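Each chain, letter by letter, is given below.
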Amino acid sequence: MEFGLIVALAIFFEILTVLFRLILKLQSKVVQKKFIRIHHGYIGMAVLLASFAMPDLLLWEIGWALIISDLVHHYTVLPLLKISAVDLDMEHYGISEIALRRKFVVALAALLVIGILASAATSVWVSLVALAMIIVSEELQELLPKFKLPQEVVEHF
C-alpha cells in the first residue's frame, strides 16, 4: 500500500505542478521572485519529519510523494519539456498533434522515474540526498559546465 500510495500522490502532485506551468503559465521563479524559493520538496521534507510525531496520518507517504514529485519535476519533466520544445514560449507549446505526442513521452518518462524513486523511499537518510539534489537543482546551469558536460546538456537544465 505504501509504494502505491506514494506513486499515486507523486503523480497527482506533479500533474498539479505541470498544469500550473502549462495551462496557467505560472513559473515558480516568477511567482516567488520576491521571496525565498519554496520547492514542494522542502515541504515534503517537513511533512516526512512530522510523520515521526504523527505516524498514523499518512504523512510519510505524503512527504515522500512531495519530494519525489519535486525531483521528477527538476530532473525529468523540465529538461524533457525543453528538449522536446513543448515548454512555455517554445516551438511546439500548446495542443497540436506533435506537442501532445511529445508531452505524452515526457509523461511516460516521468511515470517511470516516479516508480523507480518511490521504490527507494525507505529512509529519512535517502530523503536528505533527495533534498540536497533539489537544492542543487537551482544551481545546475552554473555547476554542469564545471563538470565539462556538453553545452547541449547544460541548456536543458
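What to know about the packing of helix H3 (residues 40-50) against helix H4 (residues 59-83)
Interhelical geometry of H3 versus H4 gives an angle of 160 degrees and a closest axis separation of 7 Å. With respect to each other, H3 and H4 are oriented roughly antiparallel. H3 and H4 meet at a crossing whose hand is left-handed. The residues of H4 that touch H3, namely those facing His40, Gly41, Ile43, Gly44, Met45, Val47, Leu48 and Ala50, are Leu59, Trp60, Ile62, Gly63, Trp64, Leu66, Ile67, Ser69 and Asp70. Considered class by class, the residues forming the contact of H3 with H4 number 11 nonpolar, five polar and one charged.

Describing the confidence of the model for the protein chain
Averaged over the protein chain, the pLDDT score is 81; the fraction of residues at 70 or greater is 86%. Least confident of the elements in the protein chain is helix H2 (residues 28-31), whose mean pLDDT is 62; most confident is H3, at 90.

A look at the nonpolar core
Of all hydrophobic cores here, the largest spans 27 residues; its most connected members are Trp64, Ile67, Ile68 and Val77. The set of elements that each furnish at least two residues to this core consists of helix H1 (2-22), H3, H4, helix H5 (97-119) and helix H6 (124-137). Among the elements that take part in this core, H4 stands out by supplying 10 residues, more than any other. Ignoring anything within four residues of it in the chain, the contact list for tryptophan 64 reads Ile6, Leu48, Ala121, Thr122, Ser123, Val126 and Ser127.

The rules behind the values
- Residues numbered from 1 in each chain as written.
- Predicted model: local features only at pLDDT ≥ 70, side-chain atom pairs only at ≥ 80, totals over all residues.
- Heavy atoms only, no water.
- Axes fitted to C-alpha atoms, helices over the stretch in contact; angles between N-to-C directions.
- Helix = DSSP H or I, 4+ residues; strand = E, 2+ residues; numbered from the N terminus.
- Parallel < 35°, antiparallel > 145°, perpendicular 65-115°, else oblique.
- Left-handed = near helix turned anticlockwise from the far one by under 90°.
- Contact = heavy atoms within 4.5 Å.
- Nonpolar A, V, L, I, M, F, W, Y, C, P; charged D, E, K, R; others polar.
- pLDDT = per-residue confidence, 0-100.
- Core = buried A, V, L, I, M, F, W, Y, C linked by side-chain atoms within 4.5 Å.
- Buried < 20%, exposed > 50% of the residue type's maximum accessible area, 1.4 Å probe, protein only.

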